[in-house]
Protein chains: 2
Amino acid sequence: MTDTSNVTPVDAADIAAWDLEADVVVAGYGIAGVSAAIEAARGGADVLVLERTSGWGGAAALAGGFIYLGGGTPLQKALGFEDTPENMARFLKAAVGPGADAAKIDDYCNGSVEHYEWLVSCGVPFREAFWGEPGWEPPHDEGLMYSGGENAAPFNKIATPAPRGHVPQMENKRTGEKGGGFMLMKPLIDTAEELGIRAEYDIRIERLVVDARRQVVGVVAKRYGKEIAIKANRGVVLATGSFAYNVDMIETYAPRLIGRPGAAIEEHDGRAIRLAQALGADLAHMDATEVAFFGDPQLLARGILVNGRGQRYVPEDTYPGRIGQATLIQQDNKAFLVIDEESYEAALETETSTPFFRVTPKWVAETVEELEAEMGLPESALQSTIATYNLHAAQGADPILGKKPEWVKPIGTPIAAFDHRGHTAGFTLGGLRTDLDARVLHVSGQPIEGLFAAGRCTSGLCAGGYVSGASLGDGSFYGRRAGIAAAKRG
Amino acid sequence: MTDTSNVTPVDAADIAAWDLEADVVVAGYGIAGVSAAIEAARGGADVLVLERTSGWGGAAALAGGFIYLGGGTPLQKALGFEDTPENMARFLKAAVGPGADAAKIDDYCNGSVEHYEWLVSCGVPFREAFWGEPGWEPPHDEGLMYSGGENAAPFNKIATPAPRGHVPQMENKRTGEKGGGFMLMKPLIDTAEELGIRAEYDIRIERLVVDARRQVVGVVAKRYGKEIAIKANRGVVLATGSFAYNVDMIETYAPRLIGRPGAAIEEHDGRAIRLAQALGADLAHMDATEVAFFGDPQLLARGILVNGRGQRYVPEDTYPGRIGQATLIQQDNKAFLVIDEESYEAALETETSTPFFRVTPKWVAETVEELEAEMGLPESALQSTIATYNLHAAQGADPILGKKPEWVKPIGTPIAAFDHRGHTAGFTLGGLRTDLDARVLHVSGQPIEGLFAAGRCTSGLCAGGYVSGASLGDGSFYGRRAGIAAAKRG
């Protein structure tokens, strides 16, 4: 458990001596931290990165590596996909939830091509290959994939579908050792080192230091149990990740994730959020969560997903993260995948059916009636769902949920069902409210002087919905902005 | 629009002269404020209430007047209902959402009988009559009603059903002039006046005043455009209501309510929350909302409610507020009520079919097939739902959703449907995090000295779900606690 009892700011006047000093102090050496560090250094600042663990990387280095980019990136163009910033923004505004920060989305979409080029200029490799099969991630080292349901209902009628999940070329997909996230982080860390950026490890920030005007002028941190003070002449950038592993904050702000943290690292304790709150920082969308769904997308697209009442509720060929959110938030975390034998076999024959999810069906039956009874559903609950689905599937249509014709065909027998109840986990998307310069906003609406933040300790693009790549995307994008803005101060 | 740019605390050293002074200063003269004022005065404090409008009452005086009480109140007992604090807590923990403050629920349930007696001792009248029909409120002056779905699925299997919606006896239900909320507030205001409590109207609090140790020692307020300073020798109690009418906060914290504020008054601008946040106060459950559903409960119970895909999703005989939440949060705000002619006529014959909701069906048809087509639903979407419902209804059962047998019968023809898409509105339930003494908690977990809060500017009993009476309930209960705790200081 993290000790959260000392989050109140320290008066600079009470600091007897500074142990370390820099123009810009960055807390956390994940994607947001390294991006901030690079731009701050390029902006002429002396930069010091404080990392709690013994190495760089954060959650980013362990991630699949999607960066959500579009608006016509060179990779999109090379692979034949048309996109514009406006089209990208139209999709995001529809997909990431009511209340999303429209100015931030527009800003991000407008800057997306430049951001792609910046990543490439730092050495991040993208292979010119598109992967178009249902799945969470490309199976090999393909560089582009749909990662947010852009080509599925209802979004394929709202904006022109374009894949925007950009994945750095992996060296070893199988072991995950040099997966997409690692191949994003490594070149950026190399870039930072070339710029002479100092990094100190095993240092955990404990409190912010403020001057008499309550501007942030440093941090108090702990190294091997000893408290040290670090002076920040131009600014402090908070980039220490989400609050997915802070049990108290999860209960208070995002209780649907109680007991199901996922896809984040245990260092994500929300402390940066607490430190800024203690200075009057505003928050946004603290209930928003990414939700992973533990089902094989190749099976999902070929079957039907039903809730605890035997009803369909989501187009099965959409981004699996949307399936996760719909299941957890709208269906009481209850889901069953129903699929006939022929489609099951077809899915298993695909190269990309994810072995991780290759579980055996819980129920197998010769008829729908029998399956329904075995699953414990009331009589006719599943039979009527399948009858209605099949009525339309015979015409290749899914007027109920808009699954694409390529995945629609009548469900036959023998038939099986997978029990996906409780098969979700997620990380938090809410956090500090920041402006387009990644300045942390006070509840007054004004920036807190000297304090910047980026990555999952902030509320970024997503207010409720999610797309894979949004976290590495807004983390790197607004990490850069934080570095630029901090370097300009003082 | 509220100006939120001056929410930062003022240093007491900068106050040249205090215009007013009291031991305990209460901001807001609604249910939480009056309860705090009474107990503070009884605790020996000189109390001053500041009210923004020109009269007492707040949202409470305009409300239906439900106070959620139980655990065996004299009214419950007189009307033959068994209840215990444990049973009440079991229900609430199941009904008001994951992440609810369990300590607060236990505390509230344990103190509920005493709180009932306190209200009665202050002159709040409850008539010994139970109203058991579906509805939002009793039609006359009955004192007790189910107000949270206690007797509906799934809660009727989780805890022993007991009605807990206690309504002060109304004098004029028809005009609403002396409705339940008024009849709650009036005796409490009279009690406060008898205690010599001073109230100043047309004063709106603008900022908190803090001493060198950041303890709250007063407020700066505005009266007729002029700024005044008010000294609080023992403490300030914030009781100014929700943030339902703060557009920026709604977008940032509870975006599902964008464009649909309801059942609160426009003074509910969230300012108290902002003022405390500026001092580092923690928040809780900012996304939680009460959601009213504009449908006639007498029709709902006799029909079936389907979503945009023609599927049932909620037991139609439950608390209408649960129907509202399920519709807005889980069904994309899309609902249709389908009912046959016979049941429609039966509902209209009841005395309590709410005239306000007596809208004409949008579609009427001779067959389900025809109705389905007129509603624009895909073929078989509604037909299969009704066939499954009728299959079980013929046995008087609803195994899909657990509607009680008394409301279950096969749906015949002619048949009609009401369009309830978008028919929701609500108010916010999230706010400042407080302890059992109504002290506002800093993000460090410690109380902010001198600052108390109660009512809808705090996160009370409800973390997500809602029961009618929870707001007047926790507002009065923790309002009292705030008054007691504040009076004890200094």
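None of the values given here were measured: they were computed from a predicted structure.

### Concerning the overall build of chain A
In terms of helices and strands, chain A carries 14 helices and 21 strands. On C-alpha atoms alone, chain A measures out to a radius of gyration of 24 Å, which is about the 23 Å that the 2.2 N^0.38 rule sets for 490 residues. Seen along its three principal axes, the alpha-carbon backbone of chain A occupies a region of about 80 × 45 × 40 Å. Looking at chain A as a whole, 64% of its 490 residues qualify as buried. Contacts in chain A between residues at least 24 apart in sequence constitute 74% of all its contacts with a sequence separation of at least 6.

### Quick look at the sheet that holds strand β14 (residues 304–306) of chain B
The strands that make up a sheet are held in pairs by hydrogen bonds between backbone atoms, and each pair lies either parallel or antiparallel. Residues and elements named next belong to chain B. A sheet is described by the order of its strands in space; here four strands give the open sequence β14-β15-β17-β16, paired in antiparallel fashion. What marks the edges here is a single partner per strand, and that holds for β14 and β16 (363–365). Between one strand axis and the next, the sheet turns by 20° as a mean value, whatever way the strands run. Direction of pairing for β14 relative to strand β15 (residues 336–340): antiparallel, over a ladder of three bridges. Counted as the bridge partner of Ile304 is Val338 from β15.

### Section: the relation of the copies chain A and chain B
The transform that puts chain A on chain B rotates by 180° and translates by 0.0 Å along the axis, for an RMSD of 0.0 Å. In the structure described here, the two chain copies are related by an operation that fits a two-fold rotation axis. Every residue of chain A has its C-alpha some distance from the rotation axis, and the shortest such distance is that of Gln330 of chain A, at 2.2 Å. Here 100% of the interface residues in chain A have copies in chain B that are interface residues too; the copies meet face to matching face.

### Topic: the side chain of Glu372 of chain B
All names here are of chain B. In this fold, Glu372 is placed in helix α12 (residues 368–374). In this structure Glu372 is buried but unpaired, with Arg309 as the nearest side chain of opposite charge at 13 Å. Polar contacts involving the side chain of Glu372 include one to the main-chain amide nitrogen of Ser380, which spans 2.8 Å. Once residues lying within four places of it in the same chain are set aside, the contact partners of Glu372 are Leu377, Pro378, Glu379, Ser380, Ala381, Leu382 and Gln383.

### A word on the sheet that holds strand β6 (residues 144–145) of chain B
Residue and element names in this part refer to chain B. With mixed pairing, four strands are arranged side by side in an open sheet as β4-β7-β6-β5. Only two strands of the sheet have a single partner each, and these edge strands are β4 (67–68) and β5 (130–131). As defined by bridge partners, β5 adjoins β6 across two bridges and the pair is classed as parallel. Among the inter-strand pairings, Trp131 is bridged to a residue of β6, identified as Met145.

### Considerations on unusual backbone geometry
Residues and elements named next belong to chain A. With omega at 0°, the peptide bond leading from Ala153 into Pro154 counts as cis. If you trace the backbone, Pro154 turns up in the loop between β6 (144–145) and β7 (165–166). That bond from Thr413 to Pro414 is cis: its omega, -5°, falls within 30 degrees of zero. Turning to its location among the elements, Pro414 is positioned in the loop between α13 (381–393) and β17 (415–419).

### Looking at empty space enclosed by the protein
Here the structure, examined in full by the defined rule, presents five cavities of 30 Å³ or more. Taken as a whole, the largest cavity encloses approximately 330 Å³ of empty space. Looking at the largest cavity, it is lined by 22 residues, and the ones nearest its centre are Gln311, Ser384 and Thr385 of chain A together with Gln311 and Thr385 of chain B. Residue assignment for the lining of the largest cavity shows that the elements contributing at least two residues are α13 of chain A together with α13 (381–393) of chain B. By residue number, the principal contributor to the lining of the largest cavity is α13 of chain B, which donates six residues. When grouped by side-chain class, the residues that make up the lining of the largest cavity number eight nonpolar, nine polar and five charged.

### Side note on the packing of helix α1 (residues 31–42) of chain A against helix α14 (residues 470–488) of chain A
All names here are of chain A. Closest axis-to-axis distance for the α1/α14 pair is 7 Å, and the angle between their directions is 35°. As for how α1 packs across α14, the hand of that crossing is right-handed. Contact residues: α1 offers Ile31, Ala32, Ser35, Ala36, Glu39 and Ala40, while α14 offers Leu472, Gly475, Ser476, Gly479, Arg480, Ala482, Gly483, Ile484 and Ala487. Tallied by class, the residues present in the contact of α1 with α14 amount to eight nonpolar, five polar and two charged.

### Observations concerning a negative patch on the surface
All names here are of chain A. Together, Glu341, Glu345, Glu349, Glu366, Glu369, Glu370, Glu374 and Glu379 give the surface a local cluster of negative charge. Sorting the residues of the negative patch by element identifies α11 (341–349) and α12 (368–374) as the ones contributing at least two each. Tracing the backbone shows Glu349 in helix α11. A relative accessible area of 67% places Glu349 in the exposed class.

### Some thoughts on the interface of chain A and chain B
Contacts between the two partners involve 46 residues from chain A and, on the opposite side, 46 residues from chain B. When residues of chain A are sorted by the area they lose upon contact with chain B, Thr252, Arg309 and Val443 of chain A head the list and together hold 14% of the total. The tally of links from chain A across to chain B stands at four salt bridges. Where chain A meets chain B, there are 28 residue pairs in polar contact (both at pLDDT 80 or more). Within the residue set of the side of chain A that touches chain B, elements represented by two or more residues are α7 (247–253), α8 (271–277), β12 (283–284), α10 (320–330) and α13 of chain A. Its residues placed into classes, the side of chain A that touches chain B shows 18 nonpolar, 17 polar and 11 charged.

### A few points about the domain arrangement of chain A
Residue and element names in this part refer to chain A. The domains assigned to chain A are domain 1 (1–294 + 424–490) and domain 2 (295–422). Computed from C-alpha atoms alone, the centre-to-centre distance between domain 1 and domain 2 is 35 Å. In this complex, domain 1 contributes 31 residues to the contact, which on the side of domain 2 involves 30 residues. Summed over both partners, the interface of domain 1 with domain 2 comes to about 2400 Å²; 60% of that surface belongs to carbon and sulfur atoms. A per-residue breakdown of the area domain 1 buries against domain 2 is headed by Pro134, Trp136 and Phe293, which together make up 28% of the total. Viewed at the interface, domain 2 and domain 1 are joined by 11 residue pairs in polar contact (both at pLDDT 80 or more). Considered class by class, the residues forming the side of domain 1 that touches domain 2 number 15 nonpolar, 12 polar and four charged.

Calculation criteria
Residues numbered from 1 in each chain as written. Chains lettered and ligands numbered in written order. Predicted model: local features only at pLDDT ≥ 70, side-chain atom pairs only at ≥ 80, totals over all residues. Heavy atoms only, no water. Helix = DSSP H or I, 4+ residues; strand = E, 2+ residues; numbered from the N terminus. Rg over C-alpha atoms; globule rule 2.2 N^0.38 Å. Buried < 20%, exposed > 50% of the residue type's maximum accessible area, 1.4 Å probe, protein only. Contact = heavy atoms within 4.5 Å. Pairing = 2+ DSSP bridges. Axes fitted to C-alpha atoms, helices over the stretch in contact; angles between N-to-C directions. Least-squares fit on C-alpha atoms with pLDDT ≥ 70 in both. Lys, Arg positive; Asp, Glu negative; His and termini not counted. Salt bridge = Lys/Arg side-chain N within 4 Å of Asp/Glu carboxyl O. Polar contact = N/O pair within 3.5 Å; in protein donor to acceptor, adjacent residues only side chain to side chain. 1 Å grid on protein atoms, 1.4 Å probe; cavity = no way out; pocket = protein on both sides within 12 Å on 5 of 7 lines; lining within 4 Å. Points joined across faces, edges and corners; volume = space filled by probe spheres on them. Nonpolar A, V, L, I, M, F, W, Y, C, P; charged D, E, K, R; others polar. Left-handed = near helix turned anticlockwise from the far one by under 90°. Patch = residues over 30% accessible without salt bridge, like charges linked within 9 Å, V, L, I, M, F, W, Y side chains within 5 Å. Areas by Shrake-Rupley, 256 points an atom, 1.4 Å probe, with all protein chains shown as cover. Charge placed at Lys NZ, Arg CZ, Asp CG, Glu CD. Buried area = accessible area lost by both parts, 1.4 Å probe. Domains from an automatic or database assignment.

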